[in-house]
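What follows is each chain in one-letter form.
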Amino acid sequence: MPERYPGSFAIHRTLHRAVIAEQQARAFYRRMSEAYGARAPLPSLLSGSEKRLGWLMSTCQRHGAPAPVDTFGGEEMISGNWLDDCVRAVRGEERLARLYSLGLFQAGSPDIA
């Protein structure tokens, strides 16, 4: 199958990693919401994760990249301590930011970069 543009393997791999990371983040935020309710910053974290995941899924489709199946569901564990889980959420958002800045925007896709 011919590539749509050079470097599509790198783009597919990067999209795959980003989708999995967002699926895991969304599962964690949902689990936190179940445990702690709609306390800030959970609603905005969950909403942001869902928006990014939607964008990633449509980007996968545009590039012909198979989207990974969401295997996280409600299985993501929380500590049961609000502060510890918030720290984990912040660290997760920092990892996602690095993934986006180092991965997607340097993968070479005209509509990503």
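Everything numeric here is computed off the predicted structure, so don't read it as measured data. (Residues numbered from 1 in each chain as written. Predicted model: local features only at pLDDT ≥ 70, side-chain atom pairs only at ≥ 80, totals over all residues. Heavy atoms only, no water.)

1. Thoughts on the overall build of the protein chain
- Per the secondary structure count, the protein chain includes three helices and zero strands.
- A buried classification covers 40% of the 113 residues belonging to the protein chain.
- Expressed as a percentage of contacts within the protein chain between residues at least 6 apart in sequence, the contacts between residues at least 24 apart total 81%.
- When the accessible area of the protein chain is evaluated, it comes to approximately 6600 Å², of which 58% is carbon and sulfur surface. (Helix = DSSP H or I, 4+ residues; strand = E, 2+ residues; numbered from the N terminus. Buried < 20%, exposed > 50% of the residue type's maximum accessible area, 1.4 Å probe, protein only. Contact = heavy atoms within 4.5 Å. Areas by Shrake-Rupley, 256 points an atom, 1.4 Å probe, with all protein chains shown as cover.)

2. Quick look at the packing of aromatic side chains
- Summed over the entire model, instances satisfying the criterion amount to two aromatic pairs.
- A centroid spacing of 6.1 Å and a plane angle of 55 degrees characterise the contact between Phe28 and Tyr29, whose relative ring orientation is tilted.
- Assessed through its relative accessible area of 4%, Phe28 is described here as buried.
- In this structure Tyr29 comes out as buried when scored by relative accessible area, which is 2%. (Phe/Tyr/Trp six-rings, centres within 6.5 Å; stacked < 30°, edge-to-face > 60°.)

3. Some points on the environment of Asp70
- Locating Asp70 in the fold gives a position in the loop between α2 (42–63) and α3 (82–102).
- Along the backbone, Asp70 and Glu22 are 48 residues apart, and their C-alpha atoms lie at a distance of 9.7 Å.
- Once residues lying within four places of it in the same chain are set aside, the contact partners of Asp70 are Gln23 and Arg26.
- Within the local environment of Asp70, its side chain forms a polar contact with the side chain of Arg26, the two groups lying 2.5 Å apart.
- A distance of 3.0 Å separates a polar atom in the side chain of Asp70 from the backbone nitrogen of Phe72. (Polar contact = N/O pair within 3.5 Å; in protein donor to acceptor, adjacent residues only side chain to side chain.)

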